[in-house]
Amino acid sequence: MTFERDARTALADGQLRGALRHATTLFGERRRAALATVPDWEGARDRARAIKDETLAHLDRYLEEFTANAERAGAQVHWARDAAEACDIIGRIAQQRGARTVVKSKSMASEEIHLNAALARRGIEPVETDLGEYIVQLAGETPSHIVVPAIHKTKAQIAALFADKLGIALSDDVATLAAAARQALRRRFAEADLGISGVNFAVAETGTILILENEGNARLTTSLPRTHLALMGIEKVIPRFADLEVFLQLLPRSGTGQALTAYQSLLTGTKRRPEDEGPDELHIVLLDNGRSQMLASAVTRQTLACIRCGACLNACPVYRQIGGHAYGSVYPGPIGAVLTPQLLGTGRSSELPYASSLCGACRDVCPVKIDIPAVLLHLRAQAVDRGAGKRRVLERLAFWAYATVMARPRLLEWLVRAARTLRILPPLAAWTKWRDLRPLAPRSFREQWRAGLRDQRDPNA
Amino acid sequence: MRVSLFVTCLADQLWPSAAVGTVQVLRRLGCVVEFDERQTCCGQPAFNTGYRPAARTLAQRLIEIFESSTADAIVSPSGSCTAMVHHYHQLFDDGGWRARARGVAERTHELSSFLVNRLGVEDVGASFSGRLTWHDACHGLRDLGIRTEPRRLLRRVKGAELVELPNAETCCGFGGTFSVKYPEISVAMLDEKVDAIERAGVEAVVSGDASCLMQIGGRLSRRGSPVRAVHLAEVLASTL
Amino acid sequence: MRSGDARHEILYAIRTNLAQDTSPPILSSPSPEGTGGQGVRTPIPRDLVARFREQLVAVGALCTAVRGETEAAAALARILTDAGARRVVGSDSAVVQRLLHAMGDGFELERLDRLSRDELFSCDAGVTTAQWGIAETGTLVLESAREQSRLLSLVPPIHVAVLSTRCICDSLGDALARVSPASHAVTFITGPSRTSDIELTLVVGVHGPQTVHVLLMEEA
């Protein structure tokens, strides 16, 4: 079971755990402080969720509206049914334009479809320009957090990495390291023929795509190269331009506690005059890759409301202990636990819905009120129905026995009494290795009730 | 006021003092308490693990049992089991059963919520000397919105000094079968909770769910800590 | 190469899946205090300018208020000198060009359309106007239909933005309602570029400017 194995590795990594505790605590505090300055946070959440529900209930119509408006403004819109098709479309566009240097700003969808590997097979090596993603790319690893992908690395590790890959002198001054990355990447920006970005929101009414960021690398990626390609999941569309307001109010505060990130780029088609700044071409790739399937039931559909803020990661007591890698995909934490099985159906899919104590902290902080525990429970029921996972046989037997006994109170009592008398305890090594097991009470409540509690009056009455 | 006790299988067999305490507190406040011996388990373990048909069968059983009671309220010493009953309607496609589920749920209350919100009482005449801290069990907190009620009750206990945990609202790591499916993660979460409890310098950690108390108490004793895990009902019933 | 029409298939898949769901929509649990539909606007005090200036400081931008272009040109010269900027690129805005040329000597003035990419990257400062300021958040709004300001507000490490107090609006929603659909690129700028990707330590000035200085033209 790979989730379990990777979780154990993470738990043994003291430095990782310290970094995760620090990051999640800090983001949680900043989020709470940001909310405190806002008069009707709950109202905003409700409104945002209502907008998402409305959109998803008519997703076909809004996608068509978005496409028509984006194309009218000069964009070329492509539709990709799955990861392979998306990689193919993007690869062909890159090759046709003779792209040698390709820069990329943050796009989780691009990692979902393993775009970099697909482009590499065509001899194209895109450079990640988001600092955290850049670090992770240089290290040959995968991101461990949605907002701070390299949170699992210390500055000493990054210093060693930069010294090795960029040839700079070892320094663990953070500003120096960031400056080194800036230097290295500026060259790439200057040379890039193609910029690939993600999309935070796509407005149907105007054909606009909106990209949020703090560093400026997305602005460079989308304004310098001659060709800009934006990859987006089909669920990113929202109906009206004015709807952007509530999402801009919710997302940065939820993710990092900022009222606004440093930059928002609202891009509508291509430049109106050839002499204007900006790319000559804008390609928008709409990605399905399993999203349309999730529309089939209300409980799974809400997964598509996610705006990728990362708040659930920061609130999750499980993620806090194990970080992102154990989730085995670009989507970690609570949202990852429900999105990955539904989108990617990877090997870990049968494990992920169970990797939660169902505490609900994620639901509390989700800006669009996704009831993640409800989706987890749905996926668990589905897993049982499909007989997924190897451990099912014994478990099915156990639950059959449990249901049988619980329907028969006398049988239950008899079994408990027998276990007590014979001192039989279930061999729960998974419990007793770390925790003492409370023994069965010498007299159960119902035995005490029958033996006199029933007829007692309150001595103080 | 007539109350029918929803004892919960866990309290019944593993933490009966919580159930006994519940009965004693209710009687002290003038309630007549009934106990229908047909009840067993609310089905939460099955529901949480994905065995919905089994959960549905047990839900139907519990609904029928409590429908037959004419008590004014059904009271339970468990936030998670109470929350399960409140979720029963999700188990049924049939409109009839959904309505019946909702009917029982409306009458079912967790103990602290019943005392403070239904009976309007905060001082239940309890005495329990020592420094205590409260652990918010997740379902009671987030599904039922129980946050201030236990604290208000504990603050009125004579001799008790209530200390707030910095991570009171953080999950203890039990999560039902999660605690044995992913024990290392469960214990990692648990240790953060137990570390905070030990730093708080208290004699007991109190909670409204026996499941959390088993998890926390089991680790406290394994770590050799003198801190006891005590159920809210035990504190409230105490008149020492 | 995949055959078949992806657009058609995706839309068909969406429609079919939507039709399958017969359950009532899951409304998120209604929030107890939620009024719904109102949004989160913090009430803006009467003095938008004061609020805007406060927010600029809070987000790490600098601000100099001036009256009239003579004062503005002198202030601009001071700002650029203090920041050590010599090679300065101004946008195609008439105001910007006037101010730059009124600054006096000591600067190498460049024009965007005459610079190669490498030359742009070696400039010290970019000067543009901003079409709007948002008081609620200390944000500058740049519209591509009005000015070529995208690269100048991004590439050089120092960005000076000339903004009239008449153009300060109160909220994000307000700004969204005002931006022109004729702009293919609208940029919202709130403070300097930043990152916390390394050990959550804040570094200011990553890929975008390290310094954002607003030259606020006070107008009645």
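All of these numbers come straight from a predicted model, not from anything done at the bench.

(A) Summary view of the overall build of chain C. When its secondary structure is counted, chain C shows 6 helices and 12 strands. Burial analysis of chain C (220 residues in total) assigns 48% to the buried set. Taking the intrachain contacts of chain C between residues at least 6 apart in sequence as the baseline, contacts between residues at least 24 apart amount to 74%.

(B) How the structure looks around helix α7 (residues 111-118) of chain B. Residue and element names in this part refer to chain B. Those residues of α7 that fall on the buried side of the exposure criterion are L111, S112, S113, F114 and L115. In this fold, the buried residues of α7 make contact with α2 (16-28), β3 (73-76), β4 (108-110), α9 (148-155) and α13 (232-237). Backbone geometry just after α7 places G120 at a positive phi near 70°.

(C) Representation of the sheet that holds strand β10 (residues 281-287) of chain A. Residue and element names in this part refer to chain A. The strand order across the open sheet formed by 6 strands is β1-β10-β7-β4-β2-β3, and the pairing between neighbours is parallel. Since the sheet does not close on itself, it has two edges, and those belong to β1 (76-80) and β3 (125-128), each with one partner. Pairs of neighbouring strands in the sheet enclose a mean axial angle of 25°, with direction left out of account. Two elements, strand β4 (residues 194-197) and strand β7 (residues 227-233), share 4 bridges in a ladder whose sense is parallel. Across the sheet, residue S197 finds its bridge partner in β7, namely A230.

(D) Highlighting the domain arrangement of chain A. Residue and element names in this part refer to chain A. Here chain A is partitioned into domain 1 (1-37 + 299-390), domain 2 (43-289) and domain 3 (392-455). Just the C-alpha atoms count here: the centres of domain 1 and domain 2 sit 23 Å apart. Counting residues at the interface gives 31 residues for domain 1 and 29 residues for domain 2. With 11 residues, the top contributor of residues to the side of domain 1 that touches domain 2 is helix α2 (residues 14-36). Here the residues of the side of domain 1 that touches domain 2 are counted per class, giving 21 nonpolar, 5 polar and 5 charged.

(E) Just the environment of R182 of chain A, in detail. Mapped onto the fold, R182 of chain A is located in helix α10 (residues 174-191). Residues R182 of chain A and W41 of chain A lie 141 residues apart in sequence; the distance between their C-alpha atoms is 36 Å. Beyond its immediate chain neighbours, meaning those up to four positions away, R182 of chain A contacts V206 and H207 of chain C.

(F) Focus on the interface of chain C and chain A. Counting residues at the interface gives 64 residues for chain C and 82 residues for chain A. Looking at the side of chain C that touches chain A, the elements with two or more residues in it are α1 (6-20), α5 (117-121), α6 (172-178), β9 (185-189) and β10 (194-195) of chain C. Residue composition of the side of chain C that touches chain A, by class: 25 nonpolar, 27 polar and 12 charged.

(G) Region of interest: the interface of chain B and chain A. Contact with chain B, which involves 53 residues of that partner, is made by 53 residues of chain A. Of all the elements, helix α12 (residues 210-222) of chain B adds the most residues to the side of chain B that touches chain A, at 7 residues. Grouping the constituent residues of the side of chain B that touches chain A by class yields 26 nonpolar, 15 polar and 12 charged.

(H) Just helix α5 (residues 79-87) of chain B, in detail. With 9 of 9 residues buried, α5 of chain B lies mostly within the body of the structure. Looking at the packing, one finds that the buried side of α5 of chain B touches α3 (44-49), β3, α6 (95-107), β4, α8 (138-143) and α12 of chain B.

(I) Structural view of the sheet that holds strand β5 (residues 127-135) of chain B. Residues and elements named next belong to chain B. An order of β6-β5-β7-β8 is seen for the 4 strands of this open sheet, with the pairing classed as parallel. In this open sheet, the two strands that pair with only one neighbour each are β6 (158-163) and β8 (228-231). Strand-to-strand twist of the sheet, defined as the mean angle between neighbouring strand axes without regard to direction, takes the value 40°. Strands in contact with α12 are β5, β7 (204-207) and β8; relative to β8, the strand with the most contacts, it is inclined by about 170°.

(J) Representation of the confidence of the model for chain C in the model. Here chain C shows a mean pLDDT of 89. Residues at 70 or above account for 87%. For the stretch residues 28-39 of chain C, pLDDT sits under 50, and the model shows 25 contacts to residues farther than four places along the chain or on other chains.

(K) The pairing of β3 of chain B, seen in detail. Residue and element names in this part refer to chain B. Inspection of the sheet shows strand β1 (residues 2-5) paired to β3 by 3 bridges, in the parallel sense. Bridged to V3 within β3 is A73. Here β3 runs beside β4; their pairing, made up of 3 bridges, is parallel. Considered in β4, the bridge of I74 is made with T108.

Criteria and thresholds
The numbering scheme is per chain: residues are counted from 1 as the chain's sequence reads. Written order decides the labels, with chains lettered from A and ligands numbered from 1. Reporting in this predicted model follows two pLDDT cut-offs: at least 70 for local features of residues, and 80 or more for side-chain atom pairs to be given and counted; totals over whole chains, interfaces and linings ignore these cut-offs and use all residues. Working definition: helices are DSSP H or I runs of at least four residues, strands are E runs of at least two. Numbering for both runs from the N terminus. Think of it as a crowd count around each C-beta: if 20 or more other C-beta atoms lie within 10 Å the residue is buried, if 12 or fewer it is exposed, and in between it is partly exposed, with C-beta placed from the backbone throughout. Two residues form a contact once the distance between their C-beta atoms, set from the backbone, is within 7 Å. Strands qualify as paired when DSSP identifies two bridges or more between them. For helices, the axis comes from a line fit to the C-alpha atoms of the stretch in contact; other axes are also lines fit to C-alpha atoms, and the angle between any two N-to-C directions lies between 0 and 180 degrees. Residue ranges labeled as domains rest on an automatic or database domain assignment. Note on residue classes: Ala, Val, Leu, Ile, Met, Phe, Trp, Tyr, Cys and Pro are nonpolar, Asp, Glu, Lys and Arg are charged, and everything else, Gly too, is polar. Within a predicted model, pLDDT stands for the predictor's per-residue confidence, ranging from 0 to 100.

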